[in-house]
Amino acid sequence: MPQNMDQGFVRDDRPKGTWQATGPQMNDMQAHRDVRYQLPNPIMQTFTVFKTQMSLFSKKKIVYILLFTAVLIPIIYNLIKDRMSFGNMTELSGNGMMGLMLFLFPLVLGLFTSFLCATLMPSEINERTAYMNMALPMSRSSFCLGKYLASMVITLGVFVFAYGMAMLTANLDYAYFDEGGLGRSFISLILAVLVYTSFSFAVGCFLKRGATIVSLLTLVAAIPGIQTYLFVEHHIDSAALALLPNLLPDMTCLGLGSRFAASPVGMINLMLGGGGNIIDVSEINIAVTAIIAIIWTVVFLALGIFAVSRREM
């Protein structure tokens, strides 16, 4: 190795910009003997997509609008509680007041999931970002699953926050809560989020345009309207109708003692004055309902992943 010591320092004449300049004396094969190249496993692929999508959701205005609305629950309740009589709308108890404060849950859940979950895959396709992601060493199943899990987690977090705000507000005037009713209602909320997010996500995987309106009309209007018609005109048993998981948001409110929810079912219940409710929560087997809801979620999620896997990019 030539070195020049005339000026009191060592001059290295080895070529710069190569591994040889770093000092080790080895050939190319030896230099790369410790390097392993492998694809991330499916779990890590899914987790990477999940983190990326959660970061994107942190910039969505609709998330912050709904969180801000939940913070307003105590303020709105205190403004109207002395000006309105709630006796015909709910049981005058901690649970009942929670159910009344959450009366918009069926409508808002349908709106939120339709705008958030149903637009995930169409926006990826229309904005061409899916084409860049699909070119990476990543399976389409992991890509879809990571997207769905992010939408489900953010939806669950938003509505659990609203549920907690309603409980704290009701606790200002009522010291007693029926723990059994709270438990059934909270389970219904979680299952409702699973059902609505999976259905909206699947619709978005099949449709490039119009997924939001199709998801919203189906969940909020079409299916509940048919169920209401069957109950009123054909006297279908309420317990049988309640097994359909799209009524889980209504069960979240009605299971707390409220007789009103922003849905066709809730309006019929209010008109019936508490007698002959479409959903009689006391007759519902929550375990059976949970199994049906989980099957619904898995089936629609699988259909969505299948649609994306078969799509030509």
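Here the structure is a predicted model, which is why all the values come from computation and not from measurement. (Residues numbered from 1 in each chain as written. Predicted model: local features only at pLDDT ≥ 70, side-chain atom pairs only at ≥ 80, totals over all residues. Heavy atoms only, no water.)

A. Quick peek at empty space enclosed by the protein. Within this structure, the stated rule accounts for 2 cavities of 30 Å³ or more. Lining of the second largest cavity is provided by Pro106, Tyr196, Leu219, Val220, Pro224, Asn246, Asp250, Ala262 and Ser263. Residue contributions to the lining of the second largest cavity peak at 3 residues, all from helix H11 (residues 211-234). Broken down by class, the residue content of the lining of the second largest cavity amounts to 6 nonpolar, 2 polar and 1 charged. (1 Å grid on protein atoms, 1.4 Å probe; cavity = no way out; pocket = protein on both sides within 12 Å on 5 of 7 lines; lining within 4 Å. Points joined across faces, edges and corners; volume = space filled by probe spheres on them. Helix = DSSP H or I, 4+ residues; strand = E, 2+ residues; numbered from the N terminus. Nonpolar A, V, L, I, M, F, W, Y, C, P; charged D, E, K, R; others polar.)

B. Molecular detail of helix H10 (residues 179-206). Under the 1.5 Å per step criterion, the end-to-end length of H10 is 41 Å for 28 residues, consistent within 8% with the ideal 40 Å. Here H10 lies mainly inside the structure; 20 of its 28 residues are buried. (Expected span 1.5 Å × (residues − 1). Buried < 20%, exposed > 50% of the residue type's maximum accessible area, 1.4 Å probe, protein only.)

C. Looking closely at the environment of Gly304. Considering the arrangement of structural elements, one finds Gly304 in helix H15 (residues 286-310). Overall, the relative accessible area of 0% leaves Gly304 in the buried class. Separated by 159 residues in the primary sequence, Gly304 and Leu145 place their C-alpha atoms 9.5 Å from one another. Sequence-distant contacts of Gly304, defined by excluding residues within four places in its chain, comprise Ala202, Cys205 and Phe206. (Contact = heavy atoms within 4.5 Å.)

D. Seen up close, the nonpolar core. Formed by 61 residues in total, the largest nonpolar core has its most connected members in Met98, Phe159 and Phe201. In this structure, Phe159 is in contact with Leu66, Phe105, Val108, Leu109, Phe112 and Leu189, ignoring residues within four places of it in sequence. (Core = buried A, V, L, I, M, F, W, Y, C linked by side-chain atoms within 4.5 Å.)

E. Summary view of the layout of surface pockets. There is about 560 Å³ of room inside the largest pocket. Lining the largest pocket are 24 residues, with Ile73, Met101, Leu102, Phe103 and Leu104 sitting closest to its centre. Put simply, the parts of the chain that give the lining of the largest pocket at least two residues each are helix H3 (61-71), helix H4 (73-80), helix H5 (94-101), helix H6 (105-116) and helix H9 (140-170).

F. How the structure looks around the side chain of Asn95. Structurally, the position occupied by Asn95 is in helix H5. Overall, Asn95 belongs to the buried group, its relative accessible area being 5%. In this structure Asn95 touches Phe177, Asp178, Gly181, Leu182 and Leu256, once residues within four positions along its chain are discounted.

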